[in-house]
Amino acid sequence: MIQHSIQCTSMDAELRAWAKEQQLIPWVAVAAQLPIPSTDKCLGTLFTVLPLPLDTIQPIHMHALFSLSPDRARLHHLQDKSTQDTEPAEWNDWLFKDGIPVAWAKLLCALARVHPFQPTFEKWPRIMDNKQDPLSHAVEKVIGIIGRESLALWPTDTGYVNSHDGLLAVGSESAALKDAFREAKIPVAFVPKELQSYAKAVFKCRKISPANICAFLESERGSIVALGGKTKCKLLDYILSNSG
């Protein structure tokens, strides 16, 4: 599956003028393998027309008109001291921090439409230890877009929801409580541990708590009647566990 983006609204005028002079278009395309593999061994490749000999641990392929060394062996980057011109490095930096995240968020939206009940976290940005890597900010950039635009990219048992319509699991829910949430059709997003801190910043106060569960059930009174007795008791026990 392929998604693309072309935009330069976040690019400053000086860099935009340089790119126009160099005939560089701020167009980015990203691609993900389908069906979504259940392994984390799928590694992406960078392209500028043809594949580049550059490694990335990210799970998608990315194409852009990167500014490259003459032998295409490396990207110009901000830490590069071999040239006095900073525009090539600034161009690449913009592609990685602005262009690619927008296209990546669009790709995740497309995957969610194709697989409405299958989590696609395998295609979300991976956290990188090497902060010098140009994709080290991909996680916060993509999740930042998801939060700002209220994208329905958080998988639940009721389908994908945005952070305003769903509740974030805190990670300590028992299997029985999860089953109760599922039967009651409460849109709970269970996020991988490594993404929890980023998700919390998006969901803010909308996380699993007795008060939030009570508020959701209050808004769905008609559906409570049809729930099984075991589920009702489990939900009631959880709500009454609120010491306040």
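Each remark here, short or long, concerns the structure printed above.
Now for a look at the structure at hand. (Residues numbered from 1 in each chain as written. Predicted model: local features only at pLDDT ≥ 70, side-chain atom pairs only at ≥ 80, totals over all residues. Heavy atoms only, no water.)

## A word on unusual backbone geometry
Backbone geometry follows two general trends: most residues other than glycine have a negative phi, and most peptide bonds adopt the trans configuration. Put simply, the rule is: Under the scheme used here, helices are H or I runs from DSSP no shorter than 4 residues and strands are E runs no shorter than 2 residues, and both carry numbers assigned from the N terminus.
A cis amide bond links Leu34 to the next residue, Pro35, at an omega of 0°. With respect to the helices, strands and loops of the structure, Pro35 is situated in the loop between β2 (27–31) and β3 (46–48). Backbone geometry places Gln23, a non-glycine residue, at a positive phi of 60°. Residue position: Gln23 is located in the loop between α1 (13–21) and β2. With phi around 50°, Ser150 is a residue other than glycine that occupies positive phi space.

## A look at a nonpolar patch on the surface
The cut-off we apply is this: Patch construction takes residues with relative accessible area above 30% that form no salt bridge. Like charges are linked within 9 Å, and nonpolar side chains (Val, Leu, Ile, Met, Phe, Trp, Tyr) are linked within 5 Å. For the area figures, the Shrake-Rupley method with a 1.4 Å probe applies, and any residue is considered shielded solely by the protein chains shown. When a carboxyl oxygen of Asp or Glu lies within 4 Å of a side-chain nitrogen of Lys or Arg, that pair is called a salt bridge.
Judged by side-chain polarity, Ile6, Ile25 and Trp27 come together as a nonpolar surface patch covering roughly 280 Å² of accessible area. Structurally, Trp27 can be placed in strand β2.

## Describing the sheet that holds β2
Keep this limit in mind: We treat two strands as partners when DSSP finds at least two bridges between them. Working rule for contacts: check all heavy atoms of both residues, and any pair within 4.5 Å makes them a contact. Helix axes use the C-alpha atoms of the stretch in contact, all axes being lines fitted to C-alpha atoms, and the angles between their N-to-C directions lie in the range 0 to 180 degrees.
Reading across the sheet, the five strands line up as β1-β2-β5-β3-β4 and stay open at both edges, with mixed pairing between neighbours. Whereas interior strands pair on both sides, the edge strands pair on one side only; in this sheet they are β1 (2–6) and β4 (50–51). In this sheet, β2 lies alongside β1 in antiparallel orientation, the contact comprising five bridges. Counted as the bridge partner of His4 is Ala29 from β2. Each of β1, β2, β3 and β5 (61–64) touches helix α2 (residues 87–114); the most contacted strand, β1, lies at about 140° to it.

## Regarding the side chain of Ser209
Note the threshold: Exposure is judged per residue with a 1.4 Å probe applied to protein chains only, and the accessible area is read against the type maximum: over 50% gives exposed, under 20% gives buried, and values in between give partly exposed. Pairing of N or O atoms within 3.5 Å defines a polar contact, subject to two protein rules: one partner must be a possible hydrogen donor and the other a possible acceptor, and residues neighboring in sequence count only if both atoms are side-chain atoms.
Tracing the chain through its elements places Ser209 in the loop between α5 (196–203) and α6 (210–219). For Ser209, a relative accessible area of 19% translates into the label buried. Among the polar contacts listed, one links the side chain of Ser209 to the backbone nitrogen of Asn212, at a separation of 3.1 Å.

## Some remarks on the pattern of salt bridges
For the structure on display, the rule yields four salt bridges. Across the pair Arg182 and Asp157 runs a salt bridge whose closest N-O atoms are separated by 3.1 Å. Placement of the pair is Arg182 in helix α4 (residues 175–183) and Asp157 in the loop between β6 (154–156) and β7 (159–161), with a sequence separation of 25 residues. Note on Arg182: relative accessible area 40%, which makes it partly exposed. Accessibility expressed as a relative area gives 44% for Asp157, which makes it partly exposed.

## What to know about the packing of α1 against α2
The cut-off we apply is this: In what follows, roughly perpendicular refers to angles from 65 to 115 degrees, roughly parallel to angles under 35, roughly antiparallel to angles over 145, and oblique to any angle outside these ranges. Charged residues are taken to be Asp, Glu, Lys and Arg, nonpolar residues to be Ala, Val, Leu, Ile, Met, Phe, Trp, Tyr, Cys and Pro, and polar residues to be all remaining types, Gly included.
At a minimum axis distance of 10 Å, the contact between α1 and α2 shows a crossing angle of 105°. Taken together, the axes of α1 and α2 are roughly perpendicular relative to one another. Residues Glu14, Leu15, Trp18 and Ala19 of α1 pack against Glu87, Pro88, Glu90, Trp91 and Trp94 of α2. Residue classes in the contact of α1 with α2 are distributed as six nonpolar, no polar and three charged.

## A short note on α1
Using the following cut-off: Each direction from the helix axis to a C-beta atom contributes to the arc, which is the arc of those directions.
Taken together, the buried positions of α1 are Leu15, Trp18 and Ala19. When α1 is viewed along its axis, its buried side chains cluster within an angular range of 100° and face the same direction. Turned more than 90 degrees off the buried face of α1, the exposed positions are Ala13, Lys20 and Glu21. Contacts from the buried residues of α1 go to α2. For α1, the side-chain oxygen to backbone nitrogen distance between the N-cap and Glu14 is 3.1 Å, and the N-cap itself is Asp12. Among the residues trailing α1, Gln23 stands out with phi positive, at a value near 60°.

## Focus: the packing of aromatic side chains
Heads up, the condition is: The criterion for an aromatic pair is that two Phe, Tyr or Trp rings (for Trp, the six-membered ring) have centres within 6.5 Å, with stacked assigned to planes under 30 degrees apart, edge-to-face to planes over 60 apart and tilted to the rest.
Using the criterion set out here, one finds seven aromatic pairs in the structure. On the numbers, 6.4 Å between centres and 55° between planes, the contact of Trp18 with Trp91 is tilted. Taken together, the residues span a long stretch of sequence, with Trp18 in helix α1 and Trp91 in helix α2 at a distance of 73 residues. Both residues of the pair, Trp18 and Trp91, belong to the buried class. Centre to centre, the rings of Phe121 and Trp124 are 4.9 Å apart; their planes meet at 55°, and the pair counts as tilted. Accessibility classification places Phe121 together with Trp124 in one group, the buried group.

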